[in-house]
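# Residue-level structure breakdown
Here's the letter readout for the chains.
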Amino acid sequence: MNVRESARFAVRGVTANKMRSALTTLGILIGVAAVIILIAVGTGSSKSVQDSISKLGSNTLNVSASAGGTGGRSSRGGFGALFGGGGGTGSARSGTGGAAGASGAGAAGAPGAPGLGGTASTVDSGTQTHLAQLTLDDAQALLDPKLAPDVASVAPVVSAQSVTATYSGASHTVTTFTGTSPSYLVNDNDTIQAGSPITDSDYTQHRRVADLGVTVAKALVGGDGTAAVGQTVQFNGIAFEVVGLLAAKGSTGPQDQDDRVIAPLTSVQDTLSGYGSISSISVKAGSADTVAAATSEVQDILNARHHVSTSTADYSIFSSSSILSAVTSSTQTFTVLLASVAAISLLVGGIGVMNIMLVTVTERTREIGIRKAIGAQKGDIVGQFLIEAVLLSLFGGAMGVAVGLIGSHFTIVGVTPVVAPYSVFLAFGVSVLTGLFFGLYPANRAASLRPIDALRYE
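Residues numbered from 1 in each chain as written. Predicted model: local features only at pLDDT ≥ 70, side-chain atom pairs only at ≥ 80, totals over all residues. Heavy atoms only, no water.

### Focus on a nonpolar patch on the surface
A surface patch of nonpolar side chains, about 410 Å² in accessible area, is lined by Met-19, Leu-23, Leu-26 and Ile-30. Within the secondary structure layout, Leu-26 lies in helix 2 (residues 18–54). On the basis of relative accessible area, Leu-26 is assigned to the partly exposed category, the value being 40%. (Patch = residues over 30% accessible without salt bridge, like charges linked within 9 Å, V, L, I, M, F, W, Y side chains within 5 Å. Areas by Shrake-Rupley, 256 points an atom, 1.4 Å probe, with all protein chains shown as cover. Salt bridge = Lys/Arg side-chain N within 4 Å of Asp/Glu carboxyl O. Helix = DSSP H or I, 4+ residues; strand = E, 2+ residues; numbered from the N terminus. Buried < 20%, exposed > 50% of the residue type's maximum accessible area, 1.4 Å probe, protein only.)

### Considerations on the nonpolar core
The biggest cluster of nonpolar side chains holds 47 residues, and the ones touching the most others in it are Phe-177, Leu-212, Phe-235, Ile-281 and Val-283. Sorting elements by how many residues they give to this core places helix 8 (residues 291–306) first, with five residues. Non-local contacts of Val-283, meaning those with residues more than four positions away in its chain, are made with Asn-59, Thr-60, Leu-61, Val-63, Leu-142, Val-151, Ser-153, Val-154, Asn-187 and Val-298. Ranked by size, the runner-up nonpolar core spans 30 residues in total, among them Ile-28, Ala-342, Ile-368 and Val-382. (Core = buried A, V, L, I, M, F, W, Y, C linked by side-chain atoms within 4.5 Å. Contact = heavy atoms within 4.5 Å.)

### Thoughts on helix 1 (residues 3–16)
With 14 residues, helix 1 extends 20 Å between its outermost C-alpha atoms, agreeing within 8% with the 20 Å of an ideal straight helix rising 1.5 Å per residue. Within helix 1, the full set of buried residues consists of Ser-6, Phe-9, Ala-10, Gly-13 and Val-14. With its buried residues spanning 135° around the axis, helix 1 presents them on a single face. Summarising the geometry of helix 1, the exposed residues directed more than 90 degrees from the buried face are Arg-4 and Ala-16. (Expected span 1.5 Å × (residues − 1). Arc of directions from axis to C-beta.)

### Description of helix 12 (residues 421–447)
With 27 residues, helix 12 extends 39 Å from end C-alpha to end C-alpha; this agrees with the ideal 39 Å at 1.5 Å per step. Considering bend angle alone, the principal kink of helix 12 is centred on Leu-440 and spans about 40°; proline Pro-442 follows within four residues of it. Within the span of helix 12, buried status applies to Ser-423, Val-424, Ala-427, Ser-431, Thr-434, Gly-435, Phe-438, Gly-439, Pro-442, Ala-443, Ala-446 and Ala-447. (Bend = angle between axes of the 7 residues up to and from the residue.)

### Regarding unusual backbone geometry
Phi angles above zero are rare outside glycine, and Ser-162 is one such case at about 50°. Turning to its location among the elements, Ser-162 is positioned in the loop between strand 4 (151–160) and strand 5 (163–167).

### Some words on the packing of helix 11 (residues 378–407) against helix 12
With their axes 7 Å apart at the nearest point, helix 11 and helix 12 run at an angle of 155° to one another. Our classification of the angle between helix 11 and helix 12 gives roughly antiparallel. Of the two elements, helix 11 crosses helix 12, and the hand of that crossing is right-handed. Residues that form the contact of helix 11 with helix 12 fall into these classes: 18 nonpolar, seven polar and one charged. (Axes fitted to C-alpha atoms, helices over the stretch in contact; angles between N-to-C directions. Parallel < 35°, antiparallel > 145°, perpendicular 65-115°, else oblique. Left-handed = near helix turned anticlockwise from the far one by under 90°. Nonpolar A, V, L, I, M, F, W, Y, C, P; charged D, E, K, R; others polar.)

### Things to note about the environment of Val-268
Within the element layout of this structure, Val-268 appears in helix 7 (residues 265–273). Judged by relative accessible area, which is 0%, Val-268 ranks as buried. Counting along the chain gives 90 residues from Val-268 to Thr-178, while the straight-line C-alpha distance between them is 8.1 Å. Ignoring any residue separated from it by four or fewer positions in sequence, one finds Val-268 in contact with Val-158, Ala-160, Phe-177, Gly-179, Ala-263, Ser-273 and Gly-274.

### A word on the environment of Arg-445
Looking at the secondary structure, you find Arg-445 in helix 12. Distance from Arg-445 to Ile-381, taken between C-alpha atoms, is 9.6 Å for residues 64 residues apart in sequence.

### Describing the pattern of salt bridges
Considering all chains together, one arrives at six salt bridges under this definition. With its nearest N and O atoms 2.6 Å apart, the salt bridge here joins Arg-305 to Asp-138. Pair noted here: Arg-305 is in helix 8 and Asp-138 is in helix 3 (residues 136–141), with a separation of 167 residues, a long-range link. Residue class for Asp-138 comes out buried when judged on its relative accessible area of 0%. Among the ionic pairs, Arg-260 bridges to Asp-190, the shortest N-O distance being 2.6 Å. Taken together, the residues span a long stretch of sequence, with Arg-260 in strand 14 (residues 260–264) and Asp-190 in the loop between helix 4 (183–187) and strand 8 (192–195) at a distance of 70 residues. On the basis of relative accessible area, Arg-260 is assigned to the buried category, the value being 8%. Bridged by salt links that share partners, the residues Asp-188, Asp-190, Lys-249 and Arg-260 form one connected network.

### What about the pairing of strand 15 (residues 280–285)?
In terms of burial, strand 15 is largely enclosed, as six of its six residues are buried. Alternating positions in strand 15 separate into two faces, Ser-280, Ser-282 and Lys-284 on one and Ile-281, Val-283 and Ala-285 on the other, with burial throughout. The pairing of strand 1 (residues 60–65) with strand 15 spans five bridges and is classified as antiparallel. Residue Ser-64 lies in a different strand from strand 15, and its bridge partner there is Ser-280. Strand direction decides the pairing type here: strand 4 and strand 15, joined by six bridges, are antiparallel. For Ala-155, the partnering residue across the bridge sits in strand 15 and is Ser-282. (Pairing = 2+ DSSP bridges.)

### Some words on the side chain of Asp-211
Tracing the sequence through the fold places Asp-211 in strand 9 (residues 209–212). Despite its burial, Asp-211 pairs with no opposite charge, the nearest such side chain being Arg-260 at 9.1 Å. At 3.1 Å, the side chain of Asp-211 and the backbone nitrogen of Ile-198 are in polar contact. (Lys, Arg positive; Asp, Glu negative; His and termini not counted. Polar contact = N/O pair within 3.5 Å; in protein donor to acceptor, adjacent residues only side chain to side chain.)

### Observations regarding the side chain of Lys-249
Positionally, Lys-249 belongs in the loop between strand 11 (238–246) and strand 12 (251–252). The exposure class assigned to Lys-249 is buried, which follows from its relative accessible area of 7%. Of note is the side chain of Lys-249, whose polar atom sits 2.6 Å from the backbone oxygen of Asp-188.

### Examining the packing of aromatic side chains
Counted by the stated rule, this structure contains four aromatic pairs. On the numbers, 6.2 Å between centres and 75° between planes, the contact of Phe-177 with Phe-240 is edge-to-face. Here Phe-240 lies in strand 11 and Phe-177 lies in strand 7 (residues 176–180), a separation of 63 residues in the sequence. Judged by relative accessible area, Phe-177 falls into the buried class, the value being 1%. Residue class for Phe-240 comes out buried when judged on its relative accessible area of 0%. Seen in terms of ring centroids, Phe-437 and Phe-438 are 5.0 Å apart; in terms of plane orientation they differ by 90°. Their pairing is edge-to-face. (Phe/Tyr/Trp six-rings, centres within 6.5 Å; stacked < 30°, edge-to-face > 60°.)

By themselves these figures say nothing about function.
Here's what the structure looks like:
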């Protein structure tokens with residue numbers, strides 16, 4: 001008996017009891033569909049988180065002051081032309097800023113550079129006290145092409161607190177008001193959907209201009225917010241011209257990334273934040289592959305300038321790439337867990353196939369005896385029942401793939417599934433192997449029956 005005849009007998013056996021075959025196939029269908037959909041949910045969840053983190057800039061570092069360190073601060077001069085925007089015109093404000101030196105005495109701001117204002121925390125090492133702070137000179141130092149070849153751009157940042165925006169009777173409390181240089185938009189992966197970004201000229205000339213986030217613009221002018229471009233908005237009673245509308249970034253957890261305003265650091269220091277230390281420094285590495293190298297270079301430069309070591313540093317460096325790596329690892333574990341749960345249902349479906357095939361062997365014992373009596377070999381009987389088991393799994397697997405692909409088009413628990421191609425081939429392949437594995441024992445049992453015993457079976 002050849003394979004074609006074995007397949008013909010197998011098809012006849014499967015179709016002889018359509019309801020039973022359909023129910024057996026349903027078990028495989030559910031298992032395959034569950035594997036595809038749950039892996040798609042895990043992949044979609046991972047992609048969503050990665051997209052949110054990537055909006056922060058996967059190769060961007062954020063340097064902020066923190067309590068720590070035992071060294072004194074190096075002396076600083078003016079920062080000159082900074083970040084493509086040059087120095088300010090802060091000679092009239094000299095003496096209002098500057099940072100404490102190693103002796104703890106205040107120093108006047110250098111001519112040609114606005115003083116540095118803000119909040120600084122005092123660090124007491126037991127032998128020497130200095131302010132934990134970052135300055136514009138620190139930011140300037142990070143642009144050294146020899147000491148920091150992997151640093152592509154740097155943007156100093158000051159944050160104005162409790163800022164209320166008003167326009168034509170509408171008001172809105174801004175969550176994040178950032179004073180910075182034009183490089184910040186590149187570092188933060190920001191784009192302008194209407195109008196124009198702040199420029200080097202705005203920075204150097206202390207122009208009171210601003211780019212609004214979508215949430216702020218909608219709160220002030222309504223609609224899609226584009227009408228705010230070209231208007232004059234009051235921030236804590238100080239007029240700023242809106243020159244651009246930032247592209248929407250959405251929310252990251254409870255934080256609305258569009259509830260923000262970006263303005264030139266010089267004008268923000270003039271009006272809202274005062275002079276002194278800056279809030280943070282945004283640093284962009286040349287690529288995602290050079291983040292670690294750029295981080296090391298930033299540490300070396302700041303350690304030398306602040307007279308600290310890595311263990312006593314008075315600053316901290318945050319990298320979104322490190323979070324991305326941790327989140328990717330977590331979501332991969334989550335996806336494997338979901339796939340494991342789905343695999344259990346596929347295993348149950350396989351056990352169902354084995355159960356039905358054992359019942360089929362029992363019901364067809366006399367048929368097996370007759371076939372063996374007229375010359376059928378053991379391989380013929382094994383082949384027939386194995387093909388039946390594989391057909392059930394094959395049909396179930398094919399329909400499971402279809403259901404899984406259709407189901408992945410719907411949002412599940414707030415997550416948009418993303419079908420992983422490997423999951424389709426994996427689930428379908430496992431369903432076929434399930435048929436082979438769980439059909440082997442019933443097939444061997446059928447082939448092992450003695451013809452005389454099978455013919456006597458009632």
